[in-house]
Each structure stands twice: as structure tokens, then as C-alpha cells.
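As a plain string of letters, each chain reads:
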Amino acid sequence: DPQQIELTTASKRKLRRFIVIDEVVDKLYGPKVREYFEKNNVQHKILALPTTEETKSMDLVLNILHEVQNFSLDRRTEPIIAIGGGVCLDIVGLAASLYRRRTPYIRVPTTLLSYVDASVGAKNGVNFLQCKNKLGGYTPPVASFLDRSFIQSIPRRHISNGLGEILKMALMKHKGLFDLLKNHGKYLLDTKFQSCNGLADHGDAALQTTRIAIETMLEELAPNLWEDDLDRLVDFGHLISPELEMRVLPSLMHGEAVNVDMAFMTYVAHARGLLDAEEKEQILQCMRGLELPVWHSGCSWALIQTALRERLKHSGGQPRMPLPTGLGVAEIFNDTSEETLERAYELWVRD
């Protein structure tokens, strides 16, 4: 807004910003971030924190709030900036929502997973009593700034982890996205989602993949931002995975746990006759091509039963189970029998 820019530049009051940055990101990009604020004559406080699933707690939120209070933040004109992966964005979002009832914040995702998932939507939260995101709320950021150059510094496994959430959207809503992942998955891993010139056979697969993933996610989330409707295709891969992920920490990352869940649900869809054998194999082959796990020994039949019971508690007494009915199309089912689930599990274990 030109008028806002004019007011800002004309103001005699010095710009001030409070930034929370993941400590690993700070080691890589901290000097650049500090240089940016110094060059633009912005008074700033940078708080570098360890933001992992193990530290994702109210203690860390309170730590941030103590520092925000000491900085004397103006909640109307000075948004908190979060720079990091999904855990960092979730923690800062919750802290901002609590401070003075609601303080604006900006998300700057630095991992592929947070780029296509945590950057979109309104949810924030922390883990509580060994349950994933048990405490949280719905407070959208004032902006998300997306820059794929951050992704070039993350390890290959983390890129594969993000591909799990992209594959979720492909299987639920977009055959074209599935084809992109199937045909260019290794290339995307090798190039770390950077746009490379002179590779016409791949086009700009990184830009296409991330753009379609975010657009399909927005299509699903925007009309139902506060989850008034519990029938959500974006819950695919999130029925078993919350229980599995917390149970086996830190052996599985979020996107990997989601993919194990999706692999099992692919077998459930096949057992119900929604997918034929060739479609099932195409999905599993794509998962392996993206270097994602299609099985984990921690995903026992007992864990699946526990996770589905938890699901019933929080979804209005219905399982609301999203299942693929083809490649890139899906429906939500409430009538999958225990016998079908057990048969699918046995086939999955056998394979």
C-alpha cells in the first residue's frame, strides 16, 4: 500500500521488530537477517531458539512472551516475525495469539514442509501431555513470505519429509501434481527445489509443484479456516500419524509419519475396492521414489486401534476417513469396518 509506505517512511518513530528464529536457521542465515535490519535502520531483537517436536511446549511459548514483554512490543504496528520450520511457526503463532489477546505475526518458512503446509492456514499450537498440538488456536498470520532459496540448505531427508505433505494433496485433489511427483521426484530431491535454467526436460518442476500444492491446500482450507466442517480431505495421512509420530519420536519426522499413515490408508482403499492393484502400486512406487517410508515397525495394529479411537473423540463420533478413490480423487468415508481395516493391515504387513 503506497500510502502505508509513505506514512512509514515519513514517520519519525524508528521501526522496531521482534524476530524469533530457529537456532539452526540462525547459524545459517542469522548474519544476513541482522544485516538486513541494520541496513534498513530497524531496531530489532532476535531470539534464537531450539524449535523441535521435543521442545514444542508451553514453556517455550512463555519464554518467547517474557522476551516480547521486555521488548515492549506495540501490538498494533509491530508484528512478531517467525523464521524457521513448522514447529517454529506454530510456537510463535500461539505466542502471538496470546500476547495482548492477539498480536500480528508474520511467517517465514525455511523448510519444504513448512513452505507448503505450516505457511498456509490459521492453526498454531504446542504439544501437551505427549499429545501432538493438544494446546493451540486459530490465529492466521498477517502474511507469509515464501522464499525457496532457504530450502537449498536443508538436508535431503527434510526435503523428502516435505514431499510427504505435497503427495497428500496430490492423492486427494490433483492428478497433475501426482504426475509431477512421479516423473520429477528424484530431480526435485537432487536440486533441492531450486529453479534451474537449461533443464527443459524438467521445466520448472519446483515452481509448479510448490504452487499447485499451496493452491490445492488453500482451496481446502480457505472455506473452512476454523474447521467448522470436520469432513476434511487435508486430514488424509493424519488419522494414525499423530499417535505414531509422538510414540516413536525422534525416529520419524512429521511428513514421514504422515506418509506411513497414507501408505496404510492406500491399502485400506484397495481392500475396500476403491483402488485397483495397479493404482495401489503406482502410489507406493511414487512414495519410494520420493524416498519416503511406506512402513514403520512402530505402527502396530494396537496403535492403529488406539489412534482411530482418539480420532472418534475429536471428530464428532465419526471416523471421517479420507480415502483415495483413484489417482488425484478422494472421498470421506464413515463406514469402513474393523474387518476391512484388519485385512488391509495384514496385506500391508505381508508386503
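Residues numbered from 1 in each chain as written. Predicted model: local features only at pLDDT ≥ 70, side-chain atom pairs only at ≥ 80, totals over all residues. Heavy atoms only, no water.

On to the pattern of salt bridges, then. Side chains that differ in sign of charge can pair as their charged atoms come close. Inspection of the entire model under this criterion finds 27 salt bridges. One salt bridge connects Lys 132 with Glu 245, and the closest N-O pair in it is separated by 3.4 Å. Of this pair, Lys 132 sits in strand 6 (residues 131–138) while Glu 245 sits in helix 9 (residues 241–248), placing them 113 residues apart in sequence. Relative accessible area serves as the criterion here: at 17%, Lys 132 is assigned to the buried category. On the accessibility criterion, Glu 245 (1% relative accessible area) is buried. Among the ionic pairs, Asp 179 bridges to Lys 182, the shortest N-O distance being 4.0 Å. Separated by three residues within a single helix, Asp 179 and Lys 182 lie in helix 7 (residues 175–191), roughly one turn from each other. For Lys 182, a relative accessible area of 39% corresponds to the partly exposed category. What emerges from the salt-bridge pattern is a single network uniting Lys 123, Glu 227, Arg 232, Asp 235 and Arg 311. (Salt bridge = Lys/Arg side-chain N within 4 Å of Asp/Glu carboxyl O. Helix = DSSP H or I, 4+ residues; strand = E, 2+ residues; numbered from the N terminus. Buried < 20%, exposed > 50% of the residue type's maximum accessible area, 1.4 Å probe, protein only.)

In terms of domains, the chain is made up of domain 1 (2–152) and domain 2 (156–225 + 232–350). Averaged C-alpha coordinates put domain 1 and domain 2 at centres separated by 28 Å. For the pairing of domain 1 and domain 2, the buried interface totals around 2100 Å² over both sides, and the portion due to carbon and sulfur atoms is 68%. Counting across the domain 1 and domain 2 interface gives one salt bridge. Across the domain 1-domain 2 interface, the total number found is four residue pairs in polar contact (both at pLDDT 80 or more). Going through the elements one at a time, helix 5 (112–118), strand 5 (123–128) and strand 6 are the ones with two or more residues in the side of domain 1 that touches domain 2. Element by element, the count of residues in the side of domain 1 that touches domain 2 is highest for helix 5, at five residues. (Domains from an automatic or database assignment. Buried area = accessible area lost by both parts, 1.4 Å probe. Polar contact = N/O pair within 3.5 Å; in protein donor to acceptor, adjacent residues only side chain to side chain.)

Relative to the assigned elements, Val 260 resides in helix 10 (residues 254–271). Classification of Val 260 by relative accessible area gives buried; the value is 0%. Spatially, the C-alpha atom of Val 260 lies 39 Å from that of Val 68, the residues being 192 residues apart in sequence. If sequence neighbours within four positions are ignored, Val 260 has contacts with Leu 244, Leu 252, Pro 293, Trp 295, His 296, Cys 299 and Trp 348. (Contact = heavy atoms within 4.5 Å.)

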